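Read off the chains here:
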There are 2 protein chains.
Amino acid sequence: MSAGPAPIYPPDPWAIRETSFDPAQLRRNETIFSLGNGHLGMRGNFEEGFPGGVVGTYINGFYEETPITYGEIAYGYAKNRQVMLNVADGKAITLSVGGERFDLSSGTILSSERTLDLARGVLHRRVAWRSPAGREVEIRVRRLVSLSRRHAAVIDWSVSLLRGSCPIEVESAIDGSVGNQAAADDPRIGTRFAERPLRTMQREAEGARGILVQKTRMTGFVLACAMDHVVESGALEQGPAVACSTSPDRASVTVQAQAREGSTLRLVKYLAYCTSREFPGESCARRAREEVTRTRQAGIETLLEEQAQTLSLFWHAADVQIEGDDSLQQGVRFNLFSLFQSAGRDGRTSIAAKGLTGEGYEGHYFWDTEIYVLPFFIYSNPQIARALVAYRLGILGKARARAAEMSQRGALFPWRTIGGEETSPYYPAGTAQYHINADIVHAFRTYILATGDRTLLSEGGAEMLFETARLWADLGTRIPRRNGAFCINEVTGPDEYSALVNNNAYTNLMARENLEYAAATAEEMRRDNAAELERIFAAIGLSGAEIEEWRRAAETMYLPLDRELGIWLQDDGFLDRAPWDFAGTPPESYPLLLHYHPLVIYRHQVLKQPDVVLAQVLLGHRFSMAEKKRNYDFYNPLTTGDSSLSPCIQCVAAAELGYIDAAYEYFSRTARMDLDDVNGNAGDGIHTAAMAGTWVSLVQGFAGMRDIGGRLSFKPRLPGSWICLRFRLQFRDRLLQVTIRRQTVTCDLLEGDPLDISIRGKDLRPAPGRPITESLLPTLECVIFDLDGVITDTAEMHFQAWSRLASEIGLPFDRTVNEELRGVGRGKSLEIILRNAGRTLPEEEKRKLAERKNSSYLELIRSITPSDLLPGVEGLLRRLREKGIRIALASASRNAPQIVERLGIGGMLDHVVDASTIVRGKPDPEVFLRAAESLGIPFENCAGVEDAKAGIQAIKAAGMFAAGIGRDLPGADWLVASTDKLAFDELDTRYGTWSRAWIG
Amino acid sequence: MSAGPAPIYPPDPWAIRETSFDPAQLRRNETIFSLGNGHLGMRGNFEEGFPGGVVGTYINGFYEETPITYGEIAYGYAKNRQVMLNVADGKAITLSVGGERFDLSSGTILSSERTLDLARGVLHRRVAWRSPAGREVEIRVRRLVSLSRRHAAVIDWSVSLLRGSCPIEVESAIDGSVGNQAAADDPRIGTRFAERPLRTMQREAEGARGILVQKTRMTGFVLACAMDHVVESGALEQGPAVACSTSPDRASVTVQAQAREGSTLRLVKYLAYCTSREFPGESCARRAREEVTRTRQAGIETLLEEQAQTLSLFWHAADVQIEGDDSLQQGVRFNLFSLFQSAGRDGRTSIAAKGLTGEGYEGHYFWDTEIYVLPFFIYSNPQIARALVAYRLGILGKARARAAEMSQRGALFPWRTIGGEETSPYYPAGTAQYHINADIVHAFRTYILATGDRTLLSEGGAEMLFETARLWADLGTRIPRRNGAFCINEVTGPDEYSALVNNNAYTNLMARENLEYAAATAEEMRRDNAAELERIFAAIGLSGAEIEEWRRAAETMYLPLDRELGIWLQDDGFLDRAPWDFAGTPPESYPLLLHYHPLVIYRHQVLKQPDVVLAQVLLGHRFSMAEKKRNYDFYNPLTTGDSSLSPCIQCVAAAELGYIDAAYEYFSRTARMDLDDVNGNAGDGIHTAAMAGTWVSLVQGFAGMRDIGGRLSFKPRLPGSWICLRFRLQFRDRLLQVTIRRQTVTCDLLEGDPLDISIRGKDLRPAPGRPITESLLPTLECVIFDLDGVITDTAEMHFQAWSRLASEIGLPFDRTVNEELRGVGRGKSLEIILRNAGRTLPEEEKRKLAERKNSSYLELIRSITPSDLLPGVEGLLRRLREKGIRIALASASRNAPQIVERLGIGGMLDHVVDASTIVRGKPDPEVFLRAAESLGIPFENCAGVEDAKAGIQAIKAAGMFAAGIGRDLPGADWLVASTDKLAFDELDTRYGTWSRAWIG
């Protein structure tokens, strides 16, 4: 990925400041200094313009359609493009000083500064300029898009003449001649229209007021933009004289004055944008005039105050503080502020991939809203979250029509859209992403569980659940070759570097949740609201039998697990693909999609974003820790991160697995993605999903927050350089503040009733005024023992059993050969004995012999007694129990339970891992992780005891403290020569040292 | 599929005649009455025009480029469309009679007839017309596009006034204002240009001559069209007066006269089209003038004579005669004539999907040329075949560049193109069809083997073989999960109803041939032409190691066989797909591609054309008969035939398997596809591949011709209604005539040295003047016996073995239970015994018991002696041997060889099928087909003898005569109560009766 330019903003925690003007950063800064309120967005263009800029003003959900031209069309392709329009520019204010036009591309910039105030929602600008003829002026601007008045914006613009005297002319306009940018060859940007999509219907100017009304050609949407001005002046020689005029696509107000040194001229420009998306088309002009009048009457100071007030409320719940890294702190605040500026609030709009700051992705809504952005709003601003959910309910009818067009029952939501119709022009990475259905349901469910607000169920929500479940039940099929499992074929998962695959794990898992949740909701409604359920059943022709079908589909859902690697396969064919030649791929060949044909990418094991890992982040309870670790370890090296949605998920997954440095690395890329222009395309607009990913990284990554089934849990750990991370969560009418310091976490319930949560597996119940502080220092809660060579030594019995077999069938065998069998399984051991004897046998025969040896062995272990416990073990176990430390056995031997019983220590063990369910043996950490998980203890609170190299590796891979018995055990945190040296006190001390180093 | 209108042409074997004018058939008839010579093509438009027609004139390989607009573009997509241009219309001749314009859409048609003379290559037209004001004229036209002068065409046009007197004006023009048709939503048609692709550079008229020169915008191609006229008249009152003029995009010559009843005016219009594809752009005009002058000087009668001469030569080698079906005869001749009119001859052009008759598929060349069309030309006109092969060699450089763009080594030929660049705008059914490489090599190899002409190897052919092999070696990968087999992933096979699959069987098989042939050719060249090989090695940086790689790739090629079904899987995922609901698909929903989204189609087991079946037609020697039959039986019901390329392949496969009625049905759809407008789109142009498929159906289907490794073989069988099928083949400087009658086939070597061929497995050597006639009546050559119950009865021994086992392990067992075991295998028998005993056992245990029973059985059969032969068997076997009839044993028992030895008949058997290699037991015909194949005997020359229902079914499925022993054996052709009734004489008689019925 391209590194992008170096950071250019001083790391002020509450402001983004540009202290000099660099034309090379023009478009990026237009994006960064954008203002918006979820309805109206304005790019940070200079009022007077600058060559090469993108003069941008956008209304959320205000779009034009244009037919998609395909190289070759086929049935069911998306018909029309929908493009969020770049509408009339109300920011335009030009200045002429003594006949010279103020323009930063001419003359000399004496000073230039812009500041975006994240606390107050105002963009400040101050520039001093010397004209080519030597006239000097200072211009000061304050600009805001009102967060409390959705149609309103204001620009407080003033000029001072610094020297001499001359005439000054200021023109403030609504410029309706702007339009959307042209397309490039980059599929991530938009497309050109055949003709200008907006036609001017009306233009008027009167006094200091003006209005422009425009209408789209195909969608027939109307937009009215009205302006009004308050003109003030000081120390003028003459004037000010105000005039107005209109010209094609333009309304303008001109102020002329004769100025002298120290003269100032100030225009406060009030703007209102009203559209037929809210009002009848014919009343838009009137509405805009009324709105602008109201705003002018309120006055700029009131607007500023309202703005500060609104933001204060926002930050009250949403702020996230990072102590110890001002640059990341700034990145985080900027991102959350941008999300607040971008999200639709009216239930008819959502949040565009680039917010309201640019034209990338044509202003479309994707799954980004549901999977990335909604968590932030659900837990910080449920009202906005509700509106975003409602948007999907509003387009359910269109999703139903789309399903029919795709030959399916139920509803299929569009992969990308504004108005609700599918508009993705490349179906393999568009319509084929059926998972959008389940993503929407996932967010819906999270919203309901986190807010407790079930009202949406009656407002289309239940219907949406049923229709999406219906689609899945109809889309999948029971495939005989897969033992009749329910398979979902020919889909594309979130990772678009594979396409049109069978049984994408993410899709199948999420579809299963969708099916189950729909069925469960129907059941709940039958209990709680049967009449409503009956109404819906009748309306959409649903029956109980169909719901049974959903359950069966969910139960028999095919889940592509690979037994050998112990991972979840991204899809059926993943291991059929060739490895990608990462070593031979130069940095400039990323992102791959711009340098390789899709066929080449699809043919290889390479990921744009990690699909299975995302599933384990969203549905963590469906995966064991061992699976999570193996999945991450397998897929992460194959992940290019070419998608901006990738690093935040990698961060959360890495944090959960204890890969704290990797987590920090991914977080850094997410947190300042746009400020640092990491992907080199910030000029096209912000990356809203990645911004929300910042919040996800902090709250779900470093704080380890999970919300499974409506219960919050945390497992915090700070990256090395941080002092404190603090954030708040709205949750079921509570406001919970979480403060994570290096060694402690404090939960403070600021509002609402006491709440059951858990921290690092410990159940807690913070109540108002009674903050709870928990230590984050790992404490020893469990010791997990290997069996053979640690608890007892059955090596001799194995030797005897092999000896017996060997003599019976006439094979040479002695203790030398036996040495080769250490830590080797039954089948392989026999191979070694046979090899030594120069013999081969048929498979069948070998199987029988191995069984025979096992029978002998089982006979021998019947002779085990407590006296066979290795020295010191019993004492250690007793001490552990006294101390309340739990004890688990992590042996790969299926005979372990019997041996333990015979040793007489069965009663002292809290858990014995069932070896028959282990997918991968040591050095895989599975057996240790399983022991910890079964006891509900975080892995870092465990110590493992092992006498073999592979065992120590497994313990370390599990993230635990490792005690080694013997010699030559690299990686062991504590090494003793024999079991009698395993003194509890020293273990405790050693663990304590390790634990303090771990927390850092 | 749509049935299309009913046949409208009387079934004249040498002509297509339209006896009245039906405006509804306008466009179809424009296609049918097209004329062409492989370079220049003219649609059968009326000279005077008609509303709604497509005025079409095309030059093979004369195209314009225009950028492809994608909904969403990605790296490596085809950049430009290439469109064969509809060029200046030289056919235009309008008539004005007393000021009324002659036009069939006004006035009254008194009579109208058009005839395309397939023997002489002339289109005749005669129409009598009464004007709205009552004037009556008769117009006669003869039109030809010269098959011997590539640039020339002539129209002999005359008018007679039938009544009264009036002024007559005739305007003959070159109209350069015509252009290509617009696009529809049907992806099979072409696309609109943004602006007219041809600009007029020059227009001149002088006397009776005129010229128009045009140039394309993007490709810069120049086209000059020149005309000259000879005007004759009779019985005019006044005139004729000849004038000329030009107007934008037009040059015209006008003839005025005062006519009276019986007056005639005749214009012979000579046309020449010359382009910068052959001549320097600036000389095109001069060339066209010279050409038209030469043609006028030769005169129409000479042209007609030349034309008849050329066609006589063509038909000499190419004609195919069907006696007994005039309608099919007409269809066949029309198709072959159309192919001759369409194929490029200059080595720089190929054959467009619609020939030179329409704009469908934009005039592109596909694999159609190599797989469907080339066989016809290779065996009837090797010169044209050579030119078509040379076309591919000419674009090798572009194929190399395309491979690089697709991140591959070697060369990748374009899926569709004119100029050589990839132009397919939908890569999943375009570029992903990598098989095009192997298709081209397959045709190249067939050409070389059939003609013996190896000169092309030094003209780029060897290089092409190496570069295509190189692509395959680089494209595929050894996949560990497939045991390191060489897999070719993410491709699309010929069946476009599956896309982006792994290991498409067709692709892998054809790629293997490509790799092997390239390696073998390198070896041959090293021996025969080492210097040339060294030159190529140096030129393309090739080494011997790379060739070894090709061999290894071929040897380890992954071939997706399904052991359970015994079929070749179309691709890895075929059985993962859901069944298509054929019953629920109404006829109007075909072709599926116009009614279902690709995702829906790809997700199901449904075929556009049968991919695996095509492979077994092209590479028959790579499949056993049993595999062919199972493949066909499995895939054929899943095949929609939505592709026009489908029926001919289904015909050949059906014919080989003895499904003669199905073969005939498919053939009928192919043979008159355009004449009867089977697909309803003949108006867009002919279907050249389906036309060639007619020849393939006849020669490879009904005549059963195969050319494996350069040796011709035949296995003819006529469909029920035919009396005779006769065709000729050019083969290695010979001309071989094959005449198939109902019961005989005659091979007559008309030219060249004696030739080794085989007919129905029999080697023959026809020589000039010594035709060989072979009977087609099946003769009994082999009797294939089942073992148990036919040769001997081991049932008793099985009973004893089971009894022993049952008593040993204490299970109840008696003769009643034993009855249930008849014809049942070992494992299943044990299940039955256990079920009867109400017992269950672990799998492992059951396996052991079954083995124990088999040991007992093997002991028992050691006691078999010749006296255990069933009565009459030995006598029958001796008679068969006396008669020279071969004897085979088709038993599913692995103990059969031992039993046969003990019975003392081992020496009498010609073949014992190895039961361990049989994939599917009876009733699958595999074991019988294998016996016949192993002895090289056609299945219909075999009789099978069986005592079980499943056995009789297997024999019948193998297409053999079935003798049954016992009772209740439906399907048996002859049933005897016991083996002693199996008299040879009666068998022979019964077989004879069956055989005569078989041949029909």
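Give a detailed account of the overall build of chain A, specifying residues and quantitative values.
Looking only at helices and strands, one finds 27 helices and 39 strands in chain A. The buried share of chain A, reckoned over its 1000 residues, is 62%. A separation threshold of at least 6 residues defines the contact pool for chain A, and within that pool the share at least 24 residues apart is 67%. Accessible surface computed for chain A: about 34,500 Å², of which carbon and sulfur atoms make up 48%. In chain A, 114 positive and 128 negative side-chain charges are present, and the distance between their average locations comes to 1 Å.

An account of the nonpolar core is needed here, citing residue identities and associated values.
What tends to happen in soluble globular proteins is that the nonpolar side chains get buried as a cluster. Counting residues in hydrophobic clusters, the biggest one holds 589 residues, and the most contacted among them are Phe466 and Phe785 of chain A together with Phe466 and Phe785 of chain B. For Phe466 of chain B, the residues in contact, after removing those within four places along its chain, are Ala518, Ala522, Met525, Leu533, Ile536, Ile540, Leu542 and Trp550 of chain B.

Give me the lowdown on the relation of the copies chain A and chain B, citing residues and values where you can.
For the pair chain A and chain B, the best superposition has an RMSD of 0.2 Å and corresponds to a rotation of 180° with a translation of 0.0 Å parallel to the axis. Seen this way, the second copy is the image of the first under a two-fold rotation axis. By C-alpha distance to the rotation axis, the residue of chain A lying nearest is Tyr70 of chain A, at 2.4 Å. Comparing interface residues between copies, 100% of those in chain A also sit at the interface in chain B, which points to an isologous, same-surface contact.

Report on the interface of chain A and chain B, specifying residues and quantitative values.
As a measure of interface size, the accessible area lost when the parts come together is often cited. Facing the 55 residues of chain A at the interface are 55 residues of chain B. Counting each side, the surface lost to burial between chain A and chain B is near 4,600 Å², with a carbon and sulfur contribution of 54%. At the boundary of chain A with chain B, the tally comes to eight salt bridges. Between Arg481 of chain B and Asp576 of chain A there is a salt bridge; the shortest N-O distance is 3.4 Å.

Run through the packing of helix α10 (residues 505–528) of chain A against helix α12 (residues 544–555) of chain A, naming residues and quoting values.
Residues and elements named next belong to chain A. Look at α10 against α12: their axes get within 9 Å of each other, and the N-to-C directions meet at 145°. Of the two elements, α10 crosses α12, and the hand of that crossing is left-handed. Between α10 and α12, the residues in contact are Arg512, Leu515, Glu516, Ala518, Ala519, Ala522 and Glu523 and Ile547, Trp550, Arg551, Ala553 and Ala554, respectively. A class-by-class count of the residues in the contact of α10 with α12 yields eight nonpolar, no polar and four charged.

So, the sheet that holds strand β26 (residues 706–708) of chain A: which residues are in play, and what are the values?
Residues and elements named next belong to chain A. Spatially, the four strands line up as an open sheet ordered β26-β27-β31-β32, and their pairing is mixed. The sheet is open, and its two edges are formed by β26 and β32 (762–764), each paired on a single side. Within this sheet the neighbouring strands show an average axis-to-axis angle of 30°, counted without direction. For strand β31 (residues 757–759) and β32, the ladder comprises three bridges, and the chain directions are antiparallel. Bridge pairing links Ser758 to Asp763 in β32.

A description of empty space enclosed by the protein should follow, citing residues and the corresponding values.
In total, this model carries 17 cavities of 30 Å³ or more according to the counting rule given. Of the voids in this model, the second largest cavity is the one considered here, and its volume is about 160 Å³. As for the second largest cavity, its lining consists of 16 residues, and the residues nearest its centre are Tyr70, Pro425 and Tyr426 of chain A together with Pro425 and Tyr426 of chain B. When its residues are assigned to classes, the lining of the second largest cavity shows twelve nonpolar, two polar and two charged.

Can you lay out the packing of aromatic side chains for me, pointing to particular residues and giving the numbers?
Evaluated as defined, the whole model comprises 80 aromatic pairs over all chains. Here Trp367 of chain A and Tyr372 of chain A contribute two aromatic rings whose centre-to-centre distance is 5.4 Å and whose plane-to-plane angle is 85°, an arrangement assigned as edge-to-face. Per residue, the accessibility class of Trp367 of chain A equals that of Tyr372 of chain A, and both read buried. When the centroid spacing of 5.1 Å and the interplanar angle of 70° are considered together, the rings of Phe102 of chain B and Trp129 of chain B count as edge-to-face. With a gap of 27 residues between them, Phe102 of chain B in the loop between β7 (100–101) and β8 (108–117) and Trp129 of chain B in strand β9 (residues 122–130) connect regions that are remote in the sequence. The two residues Phe102 of chain B and Trp129 of chain B agree in class, both being buried. Put simply, the rings of Trp14, Phe314, Trp315, Phe340, Phe376, Phe377, Tyr379, Trp695 and Phe731 of chain A touch in pairs and so form one group of aromatic residues. Lying across the ring of Trp14 of chain A, Arg333 of chain A places its NZ or CZ 3.7 Å from the centre. Note that Arg815 of chain A overlies the ring of Phe799 of chain A, its terminal NZ or CZ placed 3.9 Å from the centroid.

Any chance you could break down unusual backbone geometry for me, citing the residues and the numbers?
Gly239 of chain A connects to Pro240 of chain A through a cis peptide bond whose omega is 0°. Here Pro240 of chain A is to be found in strand β16 (residues 238–247). Here the residue pair Lys922 of chain B and Pro923 of chain B is connected by a cis peptide bond, since its omega of 15° sits within 30 degrees of zero. Here Pro923 of chain B is to be found in the loop between β36 (911–912) and α25 (926–935). A positive phi angle is found at Leu500 of chain A, which is not glycine, with a value near 55°. Mapping Leu500 of chain A onto the fold places it in the loop between β21 (485–487) and α10. Given a relative accessible area of 7%, Leu500 of chain A falls into the buried group.

Would you mind going over the environment of Ala92 of chain A in detail, with residue names and values included?
Counting through the fold element by element, Ala92 of chain A comes out in the loop between β5 (80–86) and β6 (93–97). Apart from the residues within four sequence positions on either side, Ala92 of chain A is in contact with Glu47, Glu171, Ser172, Ala173 and Lys269 of chain A.

Can you tell me about helix α14 (residues 611–618) of chain A, naming the residues and giving the values?
For α14 of chain A, the tally of buried residues reaches eight of eight residues, placing the bulk of the element in the interior. Turning to α14 of chain A, its buried residues are Asp611, Val612, Val613, Leu614, Ala615, Gln616, Val617 and Leu618 of chain A.

Would you mind going over the confidence of the model for chain A in detail, with residue names and values included?
Residue and element names in this part refer to chain A. Looking at chain A as a whole, the pLDDT averages 94, with 98% of positions reaching at least 70. Contacts of residues 1–6 to residues separated by more than four positions or lying in other chains number 18 contacts, the stretch itself having pLDDT below 50. Low pLDDT (under 50) marks residues 184–190, which in the prediction has 19 contacts with non-local residues, meaning those over four places away or in another chain. This complex was scored by the predictor with a pTM of 0.93 and an ipTM of 0.92.

Which residues make up the side chain of Ser131 of chain A, and what are the values?
All names here are of chain A. Of note, Ser131 is situated in the loop between β9 (122–130) and β10 (136–145). With a relative accessible area of 2%, Ser131 lands in the buried category. In this structure the side chain of Ser131 is engaged in a polar contact, spanning 2.5 Å, whose partner is the side chain of Glu100. Setting aside residues no more than four positions away along its own chain, Ser131 makes contact with Glu100 and Gly107.

Describe the pattern of salt bridges, naming the residues involved and giving the relevant values.
Residues and elements named next belong to chain A. Per the counting criterion, the structure on display carries 182 salt bridges over all chains. Among the salt bridges present, the one from Asp89 reaches Lys91, with a minimum N-O distance of 3.0 Å. The exposure class of Asp89 is buried, given its relative accessible area of 7%. Under the relative-accessibility criterion, Lys91 is labelled buried at 1%. It is possible to trace a salt-bridge network through shared partners that takes in Arg400, Arg409, Glu463, Glu467, Arg470 and Glu546.

Reading the values: the criteria
By convention here, each chain's residues receive numbers from 1 onward along its written sequence. For this description, chains carry letters from A and ligands carry numbers from 1, given in the order in which they are written. The model is predicted, so local features are restricted to residues of pLDDT at least 70 and side-chain atom pairs to those at 80 or more, both for listing and for counting; the totals for chains, interfaces and linings are taken over all residues. The side-chain values count all of the structure's non-hydrogen atoms but skip hydrogen atoms and water molecules. Each helix is a run of H or I in the DSSP string that is no shorter than four residues. Each strand is a run of E no shorter than two, and both are numbered from the N terminus. Only protein chains enter the accessibility calculation, which uses a 1.4 Å probe; a residue whose area is less than 20% of its type maximum is buried, one above 50% is exposed, and one in between is partly exposed. Throughout, a residue-residue contact means that at least one pair of heavy atoms, one from each residue, lies within 4.5 Å. Surface exposure here means Shrake-Rupley accessible area, sampled with a 1.4 Å probe, where a residue is shielded only by the protein chains that are shown. As used throughout, the charge tally considers Lys and Arg to be positive and Asp and Glu to be negative, leaving His and the chain termini uncounted. A charge is said to be at NZ when it belongs to Lys, at CZ for Arg, at CG for Asp and at CD for Glu. By nonpolar core is meant a set of buried Ala, Val, Leu, Ile, Met, Phe, Trp, Tyr and Cys residues that side-chain atoms within 4.5 Å join together. Residues below a pLDDT of 70 in either copy are left out; the C-alpha atoms of the rest, at least 70 in both, set the least-squares superposition of the copies. Accessible area that two parts lose when put together, evaluated with a 1.4 Å probe and summed over both, is termed the buried area. Criterion for a salt bridge: a side-chain nitrogen of Lys or Arg within 4 Å of a carboxyl oxygen of Asp or Glu. In this description, a line fitted to the C-alpha atoms serves as the axis of each element, helices being fitted only across the stretch in contact, and the angle between N-to-C directions of two axes falls anywhere from 0 to 180 degrees. If you view the pair so one helix is near and one far, a crossing is left-handed when the near helix is turned anticlockwise from the far one by less than a right angle, and right-handed when it is turned clockwise. Each residue receives one of three labels: charged for Asp, Glu, Lys and Arg, nonpolar for Ala, Val, Leu, Ile, Met, Phe, Trp, Tyr, Cys and Pro, and polar for the others, Gly being one of them. When DSSP locates at least two bridges between a pair of strands, those strands are taken to pair. A pocket here means an open set of points on a 1 Å grid, computed over the protein atoms alone, that has protein on both sides within 12 Å along at least five of seven lines. A cavity is instead a set of points where a 1.4 Å probe fits but cannot get out; residues with an atom within 4 Å of a point line either one. Grid points are joined across faces, edges and corners, and a volume is the space filled by probe spheres set on the points. Stacked, tilted and edge-to-face are the three classes applied to pairs of Phe, Tyr and Trp rings, where Trp contributes its six-membered ring and a pair requires centres within 6.5 Å; stacked means planes under 30 degrees apart, edge-to-face means over 60, and tilted covers the rest. Charges are assigned to positions over rings by a cutoff of 6 Å between ring centre and Lys NZ or Arg CZ, combined with an angular limit of 35 degrees from the ring normal. Looking at any residue, its pLDDT shows the predictor's confidence there, from 0 to 100. Distance and chemistry together define a polar contact, namely a pair of N or O atoms within 3.5 Å, with one atom able to donate a hydrogen and the other to accept it when in protein, and with adjacent residues in sequence counting only for side-chain atoms on both sides.

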